[in-house]
Amino acid sequence: MPTSLKTIKSNLDSHLGENLTIVAQAGRKKVVRRRGTLSETFHSVFVVDLDQNENSFERVSYSYADLLTKSIDIKFDSEESAETDPEVEAE
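Attention in this report is confined to the structure presented alongside it. Bear in mind that the values here come from a model prediction, so they are computed numbers and not experimental data. (Residues numbered from 1 in each chain as written. Predicted model: local features only at pLDDT ≥ 70, side-chain atom pairs only at ≥ 80, totals over all residues. Heavy atoms only, no water.)

## Some thoughts on the environment of Glu79
Phase 1 of the analysis: Here Glu79 lies in helix α3 (residues 77–84).
Phase 2 of the analysis: For Glu79, a relative accessible area of 36% puts it in the partly exposed group.
Phase 3 of the analysis: Sequence separation between Glu79 and Leu20 is 59 residues; the distance between their C-alpha atoms is 9.4 Å. (Helix = DSSP H or I, 4+ residues; strand = E, 2+ residues; numbered from the N terminus. Buried < 20%, exposed > 50% of the residue type's maximum accessible area, 1.4 Å probe, protein only.)

See below:
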């Protein structure tokens, strides 16, 4: 896990336009899962365009500090397919 906000931002910049799943802590025992596309990164926040079939609103933003403090977890679809695809592992 990256240990600085600058590292987190540069990592997210390399994934712009990719589909992802965000798991966010919404309370003591409540977890929210959202699917969408990483659309923009700014100085202190990043924006995710959500799937309209699953959510009632279009966009959501999070700060890089949310990732640093592990308030949210991000899984990119491209990383998940690389983990489960045996041909990619063999290369």
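## Points about the environment of Arg33
Phase 1 of the analysis: The topology assignment puts Arg33 in strand β2 (residues 31–41).
Phase 2 of the analysis: Of the residues examined, Arg33 reaches a relative accessible area of 62% and is grouped as exposed.
Phase 3 of the analysis: Considering only alpha carbons, one finds Arg33 and Ile74, 41 residues apart in sequence, at a separation of 9.9 Å.
Phase 4 of the analysis: Not counting the four nearest positions on each side in its chain, Arg33 is found in contact with Ile22 and Val23. (Contact = heavy atoms within 4.5 Å.)

## A look at the sheet that holds strand β5 (residues 72–76)
Phase 1 of the analysis: Ordered by their spatial adjacency, five strands build an open sheet running β4-β3-β2-β1-β5, and the pairing between neighbours is antiparallel. If you trace the sheet from one side to the other, it starts and ends with β4 (59–63) and β5, each paired once. Within the sheet, the average angular offset between the axes of one strand and its neighbour, ignoring direction, is 40°.
Phase 2 of the analysis: Those strands touched by helix α1 (residues 5–13) are β2, β3 (45–50) and β5, and its axis lies near 80° from that of β2. (Pairing = 2+ DSSP bridges. Axes fitted to C-alpha atoms, helices over the stretch in contact; angles between N-to-C directions.)

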